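# Coordinate analysis (summary)
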Amino acid sequence: QCQLDGLWRNDQDSLMEISVLSDNGDFQGQYLTRVTLSGDCAQISPLRGVQQQLGEEGWPTFAFTVRWDKFSNATTAFVGQCFVDAGGKETLRTMWLLREAVRSLEEDWKATR
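Position labels on residues start from 1 in each chain and follow its written sequence. Given that the model is predicted, a residue must reach a pLDDT of at least 70 before its local features are reported, and side-chain atom pairs must reach 80 or more before they are shown or counted; all residues, however, enter totals for whole chains, interfaces and linings. Excluded from the side-chain calculations are hydrogens and water; all other atoms, namely the structure's heavy atoms, are used.

Rule in force here: UniProt positions are given in the numbering used here, feature names are shortened, and annotations may be inferred rather than shown by experiment.
In the annotation of an unreviewed UniProt entry, the protein is listed under the name Avidin and assigned to Cinclus mexicanus. The heading Function (unreviewed entry) in the UniProt record of the protein holds the text "Forms a strong non-covalent specific complex with biotin." The annotation that UniProt attaches to the protein under Subunit (unreviewed entry) is "Homotetramer."

Now the structure itself:
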């Protein structure tokens, strides 16, 4: 079974650390992104999420948000599932939506990626 707590690296070389995973599935940690909207250096931002509690079978689904601190006026929501291959390697597969703040309702069309 997959364990979400620990250090994870993605294809863009960003790092996510889930340091607190409670019995009810809530978790928190930090995200160090190598990809920024502003082109600045990598920054650490807080994350909070929840893991679906499972019985003995299946691999957990989860969701979390990252509030990009100090360098962006955006928030990203991730949803995903954890998998374990035949060799025991754990892999997270996620999809994300990023929301930037815009100045008006007319600009809303460009605020979500």
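### Here's the deal with the state of the cysteines
Heads up, the condition is: Put simply, a disulfide is two cysteine sulfurs that come within 2.5 Å. Starting at the N terminus, helices and strands are each numbered in turn, a helix being any DSSP run of H or I of at least four residues and a strand any DSSP run of E of at least two. The classification of residues rests on relative accessible area computed with a 1.4 Å probe and restricted to protein chains. Under 20% of the type maximum is buried, over 50% is exposed, and intermediate values are partly exposed.
A full pass over the atoms with the stated rule returns one disulfide. The partner cysteine of Cys 2 in its disulfide is Cys 82, sulfur to sulfur 1.8 Å. Disulfide Cys 2-Cys 82: torsion about the S-S bond near -75 degrees, hence left-handed. Taken together, the residues Cys 2 in the segment before strand S1 (6-9) and Cys 82 in strand S6 (residues 74-84) connect sequence positions 80 residues apart. Of the two residues, Cys 2 and Cys 82, neither departs from the other in class, the shared state being buried.

### A short note on the nonpolar core
For clarity, the threshold we go by: We call a set of buried residues a nonpolar core when its members are Ala, Val, Leu, Ile, Met, Phe, Trp, Tyr or Cys and they connect through side-chain atoms within 4.5 Å of each other. Any two residues whose heavy atoms approach within 4.5 Å at even a single point are treated as in contact.
Formed by 17 residues in total, the largest nonpolar core has its most connected members in Met 16, Tyr 31 and Phe 64. Among the elements of the structure, strand S2 (15-21), strand S3 (26-33), strand S5 (61-67), S6 and strand S7 (90-100) are those that each provide at least two residues to this core. Excluding its chain neighbours within four sequence positions, the residues that come into contact with Phe 64 are Met 16, Phe 27, Tyr 31, Leu 47, Arg 48, Gly 49, Thr 76, Ala 77 and Phe 78.

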